[in-house]
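Given next are the chains, with one letter for each unit.
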Amino acid sequence: MRPRLWLLLAAQLAVVRGSSVLQQTPAYIQVQTNKMAMLSCEAKISLGNMRIYWLRQRQAPSSDSHHEFLALWDSTKGTVHGEEVAQEKIAVFRDASRFILNLTSVKPEDSGIYFCMIIGSPELTFGKGTQLSVVDFLPTTAQPTKKSTPKKRGCRLPRPATQKGPLCSPITLGLLVAGVLVLLVSLGVAIHLYCRRRRARLRFIKQFYK
């Protein structure tokens, strides 16, 4: 059996067995058409000279929904591309324990789930996959509503109430009180003088009739 056919058959049988040995990030990514997408696969074990394979399962609905071998990373050869894969579009880089799949000028037909895989003895180990969605327009993010800052109010002096009628100042009140007192004193003096005159008149009349 040809290696490529064996690889695809093995992928169909074992892809559901996502392993924590290979951690793929992000789990989901949305990229605009003709932009670049970078998918990461980090190995939690020492791989030595072991190869890292990248596979793609196209999103449904699609007649081509099988796992497609894209490329692999080889410690001596670097990136090795699969058959019928545009080499200028796909590249694999290694950064310590991370293996990065770089896709340039992505198209909507590149949408799908991307898996990294290592071939052990005797089993295959897969990552849990990264779902790539290629769209013509990215959804706009709603801007958070800004809260209006309340304006600081300065201290205002109370306005004097508008007075109706004459203004009663302390001086005016004092003059009114003094006037009332003078009238009362004058009235008292007048009553006192009237009483004295009346008594004097009564005494004069008594003396006249004796």
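Residues numbered from 1 in each chain as written. Predicted model: local features only at pLDDT ≥ 70, side-chain atom pairs only at ≥ 80, totals over all residues. Heavy atoms only, no water.

## Quick word on the overall build of the protein chain
For step 1, the next point in the chain: When its secondary structure is counted, the protein chain shows two helices and 11 strands.
For step 2, the next point in the chain: Each helix and strand of the protein chain, placed in order from N terminus to C terminus, yields the pattern α-β-β-β-β-β-β-β-β-β-β-β-α.
For step 3, the next point in the chain: Counting the 210 residues in the protein chain, one finds 29% classified as buried.
For step 4, the next point in the chain: Residue pairs in contact within the protein chain that sit at least 24 positions apart in sequence constitute 58% of those at least 6 positions apart. (Helix = DSSP H or I, 4+ residues; strand = E, 2+ residues; numbered from the N terminus. Buried < 20%, exposed > 50% of the residue type's maximum accessible area, 1.4 Å probe, protein only. Contact = heavy atoms within 4.5 Å.)

## Observations regarding the side chain of D74
For step 1, the next point in the chain: With respect to the helices, strands and loops of the structure, D74 is situated in strand 5 (residues 67–74).
For step 2, the next point in the chain: Of note is the side chain of D74, whose polar atom sits 2.8 Å from the side chain of R51.
For step 3, the next point in the chain: Contacts of D74, omitting those with residues within four sequence positions, involve R51 and V80. (Polar contact = N/O pair within 3.5 Å; in protein donor to acceptor, adjacent residues only side chain to side chain.)

## Section: the state of the cysteines
For step 1, the next point in the chain: In the structure shown here, the tally under the stated rule is one disulfide.
For step 2, the next point in the chain: Across a sulfur-sulfur distance of 2.1 Å, C41 and C116 are joined as a disulfide pair. Because the torsion about its S-S bond is 70°, the bridge between C41 and C116 counts as right-handed. Here C41, found in strand 3 (residues 37–43), pairs with C116, found in strand 9 (residues 112–119); they are 75 residues apart in sequence, far enough to count as distant. As far as burial versus exposure is concerned, C41 and C116 are alike and both buried. (Disulfide = S-S within 2.5 Å.)

## Observations regarding the side chain of T130
For step 1, the next point in the chain: The topology assignment puts T130 in strand 11 (residues 130–135).
For step 2, the next point in the chain: Looking at T130, its side chain comes within polar contact range of the main-chain oxygen of P26, at 2.6 Å.
For step 3, the next point in the chain: Aside from chain neighbours lying at most four places away, what touches T130 is Q24, T25, P26, A27, I29, L39, G112, I113 and Y114.

## What about the packing of aromatic side chains?
For step 1, the next point in the chain: Following the criterion strictly, the structure yields one aromatic pair and no others.
For step 2, the next point in the chain: Seen in terms of ring centroids, Y53 and F69 are 6.0 Å apart; in terms of plane orientation they differ by 55°. Their pairing is tilted. Here the residue Y53 occupies a position in strand 4 (residues 52–58), and F69 occupies one in strand 5, the gap between them amounting to 16 residues. (Phe/Tyr/Trp six-rings, centres within 6.5 Å; stacked < 30°, edge-to-face > 60°.)

## Re the UniProt feature "transmembrane region" (unreviewed entry) in the protein chain
For step 1, the next point in the chain: When the UniProt feature table is mapped onto this chain numbering, "transmembrane region" (unreviewed entry) sits at residues 173–195.
For step 2, the next point in the chain: Each end of residues 173–195 is marked by a C-alpha atom, and these two atoms are 33 Å apart; helix forms 100% of the span and strand 0%. (UniProt positions renumbered as here; feature names shortened; annotations may be inferred.)

## Here's the deal with the sheet that holds strand 3
For step 1, the next point in the chain: Across the sheet, four strands lie side by side as 1-3-8-7; this open sheet has antiparallel pairing. Strand pairing shows two members of the sheet lacking a second neighbour, strand 1 (22–25) and strand 7 (90–95), which therefore form its edges. Ignoring which end each strand starts from, the neighbouring axes of this sheet average 20° apart.
For step 2, the next point in the chain: Both strand 3 and strand 8 (residues 98–103) contribute to a ladder of six bridges, which runs antiparallel. The residue of strand 8 that forms the bridge with S40 is I100. (Pairing = 2+ DSSP bridges. Axes fitted to C-alpha atoms, helices over the stretch in contact; angles between N-to-C directions.)

## What to know about unusual backbone geometry
For step 1, the next point in the chain: Of note, the amide linkage connecting T25 to P26 takes the cis form, showing an omega dihedral of -10°.
For step 2, the next point in the chain: Assignment of secondary structure puts P26 in the loop between strand 1 and strand 2 (28–32).
For step 3, the next point in the chain: Look at A96: it is not a glycine, yet its phi comes out positive at around 60°.
For step 4, the next point in the chain: By the secondary structure assignment, A96 is in the loop between strand 7 and strand 8.
For step 5, the next point in the chain: Look at S105: it is not a glycine, yet its phi comes out positive at around 50°.

## Re the pattern of salt bridges
Close approach of charged atoms lets side chains of opposite charge pair.
For step 1, the next point in the chain: Summed over the entire model, instances satisfying the criterion amount to seven salt bridges.
For step 2, the next point in the chain: Through salt bridges with shared partners, one network takes in R56, R58, E68, K89 and D110. (Salt bridge = Lys/Arg side-chain N within 4 Å of Asp/Glu carboxyl O.)

## Focus on the nonpolar core
It is characteristic of soluble globular proteins that their nonpolar side chains tend to be buried jointly.
For step 1, the next point in the chain: By size, the foremost hydrophobic cluster in this structure holds 25 residues, and its most contacted members are I52, W54, L101, L103, Y114 and L132.
For step 2, the next point in the chain: Put simply, the parts of the chain that give this core at least two residues each are strand 2, strand 3, strand 4, strand 5, strand 7, strand 8, strand 9 and strand 11.
For step 3, the next point in the chain: It is strand 3 that provides the largest number of residues to this core, a total of four residues.
For step 4, the next point in the chain: Counting residues in each nonpolar core, the second largest holds eight residues, with F69, L72, F115 and L124 among its members. (Core = buried A, V, L, I, M, F, W, Y, C linked by side-chain atoms within 4.5 Å.)

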